[in-house]
Amino acid sequence: MSLEQIETDPPDELIYSNLIHAKQEQAAPWRRPHARRIQYKYIRNKHKRAHTVTLRKMQIRRTLLSIFCCLLVILISSGLGESFSYYQSLLPSVQGLASKQFDQSTHIYDRNGNLLYTLYNPKEGRGTPISYTQIPGILQDAQIAAEDKTFWTNSGVDPTATARSAIVDLIAKQAETGASTLTQQIIKNLSGNKDVSGQRKLNEAMLAIGLTQEYPKWKILEMYFNIAPYGAQELGVESAVQDYFGLIPECDAQFNCIPATAFLDRDLSHCSDPHHISTCQSEPLLALARASLLAGLPQNPVNFDPTIAPGNLSALLVRQDYVLNQMLKLNMHINLGMGDHEQDKGAITADTVRHVEALSKQIQFIGFQNRLLAPHFVWWVIYELANALGNNQDIDPRTGLSIPGLRLLLTGGFNIRTTLDLHLEQYVEQATQRHLYQPELQKLTGQVLTLSKDRNIHDAATVIMDSHTGEILAMDGSANWRDSDPRVGGELNAALTPRQPASTFKPIILASAFEMGWYPGITLQDKRTYFPIGAPQKQFVASYNTYEPTDYGSTYSNMTTNLDFAMSNSLNVPAVKAYMYAGKQQVYAMAQRLGITTIQPKQVNPTIALGTAEVPLLQMVGAYQVFANAGIRVPPHNILDISDNYGHRLYHYDPTHPNGTQVLSPQIAYLITSLLSDESARKYEFHNDHNLSMWDWPLPDHTFPDVAAKTGTTDNFKDNWTIGYTPDLVVGVWSGNANNIGATDSIGLTGAAPLWHSVIEYASGHCNQANDQIACPPPDFDYPDRHFNIPPGLTQQEVNTYNGLAGYGYKSWMINGEQPMQNG
């Protein structure tokens, strides 16, 4: 029988109204569940069971009886006026529910769709909405059989059950029995009213009838599956399907998802592609087993939840037996079709029930597994997003999070696709453990040492950034998130914690000097020098209000060196002289332009050339990103897309259009790169330790990939740093102790560079499995650039080795038009 045939002989006005409503909504097949259910459940059954009462008469009787029962309850409760007021007050909330405005879990993913973390309101539970078109018929039938067998034809209340309940309650003089339909249960869940009284039942009945008149049955069923409790913390059936059976949705890049509920029939042990559940084998009996278990849960979601108490499973299996036998009595079939579609796999028989009950006893209920992967990165995302959503209002002093913003994250149902690559992140975490806690050859000294044991280094942080887009590909904030040892810091994110960057700040000083006209061939003396600090020149005397820096080991080279040699070997006096030449304002402005915000003007003095002003690792990596990206600054990005649970994209970052800002000329940026990539010049200080290069990775043309790097070490070896970059990637590593206890005789080259070397090579596509002792398939992205591009506007000219003027001895890069004219 078609929709048109039913309309020519309508069963009654209420049904006819709903059918017309469904037809007007584009008249698509899945929009006509009411008509199909009448056809499938009653017209078919009428012929099979020789019914003699017409559908029209059945509906008239049910409607009249519903009205009678409601009047009866009204008389009993004497609350007509109150109920009408209650109806008016609650109706907007009911309409809001129909618009799916209820608590929804937020999911945070890596760039490839791997789930990192689920945020939800623990007071309400985990919820992910699904559409009626994605609910299999077998689940619909099971729920209707369990809770409301007249759902498709009743007016929102079940008159027979209501009359029975009213009579029992009248005799007992209190509400003792229940007769709630699925529609009434929606009202109950929405209002949160758990009062056991006739007044509450009257309120629910009135709203249920109103809801049925306002919305088609398919919409009401969709509401039920999205708001009914299916366990202690499962708000809606989708969360229950994921938590209990380990089924997962399949989503595209915009999080248009096929929910896990659509895969009730899939056997996870038989899949052609384990990453795509749609490739798993279909088992109709498994679908019936799962559906009947789920349908039994809403009656007592806490006591039936099989994951929270051993005895609950037995109770749930008893409830399942009731559901299956109800389906058997109603002559239901195993329908795997979605929404209103039919995919009939045969009738449910007594033999079917026995097989399904036996199968159900073998199901392993997994329970909610809220894995927290890449924890420091995830909580950085939560912090940034919560404060943005809350407009930095009402900040919780304990957490630094905006309370209204966090509330939105807990209940808003966001799907957040981040920039992080989980594969790369996990490699970094494993490599950190290996470099800190396993014996390793120290190339500088030839010793085999364990950093944690022999050098008192227990913590490390790593940041990896795409130099062109600003995407943070990995962030590991400590050696172990779960380690509460004060030296490790566990949950403390050292990547965001300001620390003295030591000599890794020197490139910022030299960039300032290069903008003022210097070039790498400029020569300076590295010997004892007194620099004034805050005292007028007339008061200046040696060692009074002065700064007297030394090189590593409290010595000097006592050499006249060019800036290339001075930078490569981290000589301090030439760096301070470069600061004095550039000036305080220029250095401060340079740091600001490169994205460093933690330095205050009062901290800018000659000591800053040695990195005494504290800066977080993330900001230092961001500064080096400018050097790697030809002077274009792109702020760090941690989110690619934000979508809601209905596929609406709320935010998108387009890496092909990063909207960077030119804060440094390409020429100045390359001058810095030329210094930081001169591996040969480092030999004076670092001998044959090549952790700052890729000289262990020859290319097919017998060259080596270009890489620029700088190390740094603070007093008492508290902070070991290595920051560097290829044309595509910037990697920064800090190592030390979270409680600021000094290390033992460890510098950036030995305490941080080995980890940095492993990470930047792996991220660039090279992984030496024998050395790393970790399985090393390539990461999920490719960065093919192996050599730095030299921008136009630069030239190389020989200068005098001793004074840096025109002459011979050292070939220096310099900007066209700024070559020295005077011979040395």
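Refer to the structure printed above.
Predicted model only: the values in this text are computed from it and were never measured.

## Let's talk about the sheet that holds strand S22 (residues 708–713)
- What the five strands build is an open sheet, ordered S13-S12-S24-S23-S22; its pairing is antiparallel. A single partner strand is all that each edge strand has here, and the edge strands are strand S13 (472–476) and S22. Averaged over neighbouring strand pairs, the angle between their axes works out to 10° when direction is ignored.
- Each of strand S12 (459–466) and S13 touches helix H18 (residues 422–437); the most contacted strand, S13, lies at about 35° to it.

## Brief notes about the packing of helix H6 (residues 137–147) against helix H10 (residues 217–227)
- Between H6 and H10, the shortest axis-to-axis distance is 12 Å and the interhelical angle comes to 85°. Comparing the axis directions of H6 and H10 gives the class roughly perpendicular. Along the contact surface, H6 presents Leu139, Gln140, Gln143 and Glu147, while H10 presents Leu221, Tyr224 and Phe225.
- Each residue belonging to the contact of H6 with H10 can be placed in one class, and the counts come to four nonpolar, two polar and one charged.

## Details of the pattern of salt bridges
- According to the stated counting rule, one finds 15 salt bridges in the structure shown.
- Between Arg354 and Asp351 there is a salt bridge; the shortest N-O distance is 3.3 Å. Taken together, the residues Arg354 and Asp351, both in helix H15 (residues 350–360) and three residues apart, mark about one turn of the helix.
- Since its relative accessible area comes to 39%, Asp351 is described here as partly exposed.
- Between Asp641 and Arg417 there is a salt bridge; the shortest N-O distance is 2.7 Å. Here Asp641 is found in strand S19 (residues 639–644), whereas its partner Arg417 is found in strand S9 (residues 414–418), with 224 residues between them in sequence.
- What makes Asp641 buried here is its relative accessible area of 0%.
- Take Arg417: its relative accessible area is 17%, and that puts it in the buried class.
- Look at the salt bridges and you will find they share partners, linking Arg126, Glu234 and Asp243 into a network.

## Remarks on the state of the cysteines
- Under the defined criterion, the tally for this structure stands at two disulfides.
- Shown here is the disulfide that connects Cys251 with Cys257, its sulfur atoms set 1.9 Å apart. As the torsion about the S-S bond is roughly 110°, the Cys251-Cys257 disulfide counts as right-handed.
- What pairs with Cys271 in a disulfide is Cys280, and their sulfur atoms sit 1.8 Å apart. Here the S-S torsion is close to 95°, and the disulfide linking Cys271 with Cys280 is therefore right-handed.
- A relative accessible area of 25% means that Cys271 is categorised as partly exposed.

Reading guide: rules and limits
- The numbering scheme is per chain: residues are counted from 1 as the chain's sequence reads.
- For a predicted model such as this one, the threshold for reporting local features is a pLDDT of at least 70, and the threshold for listing and counting side-chain atom pairs is 80 or more; totals across whole chains, interfaces and linings nevertheless cover every residue.
- Computation of side-chain values covers all heavy atoms of the structure but excludes hydrogens and water.
- Should DSSP find at least two bridges between two strands, the strands are taken to pair.
- Strands here mean DSSP runs of E at least two residues long; helices mean DSSP runs of H or I at least four residues long; both are numbered from the N terminus.
- Here an angle of 0 to 180 degrees is reported between the N-to-C directions of two axes, which are lines fitted to C-alpha atoms, with helices fitted over the stretch in contact.
- Pairs of residues are marked as contacts when any of their non-hydrogen atoms sit within 4.5 Å.
- Under this scheme an angle from 65 to 115 degrees is roughly perpendicular, one under 35 degrees roughly parallel, and one over 145 degrees roughly antiparallel; angles in between are oblique.
- In this classification, the charged set is Asp, Glu, Lys and Arg, the nonpolar set is Ala, Val, Leu, Ile, Met, Phe, Trp, Tyr, Cys and Pro, and all remaining amino acids, among them Gly, are polar.
- One speaks of a salt bridge when a side-chain nitrogen belonging to Lys or Arg is within 4 Å of a carboxyl oxygen belonging to Asp or Glu.
- Burial classification: accessible surface area is computed with a 1.4 Å probe over protein chains only, and a residue below 20% of its type maximum counts as buried, one above 50% as exposed, and the rest as partly exposed.
- Working definition: a disulfide is two cysteine sulfur atoms within 2.5 Å of each other.

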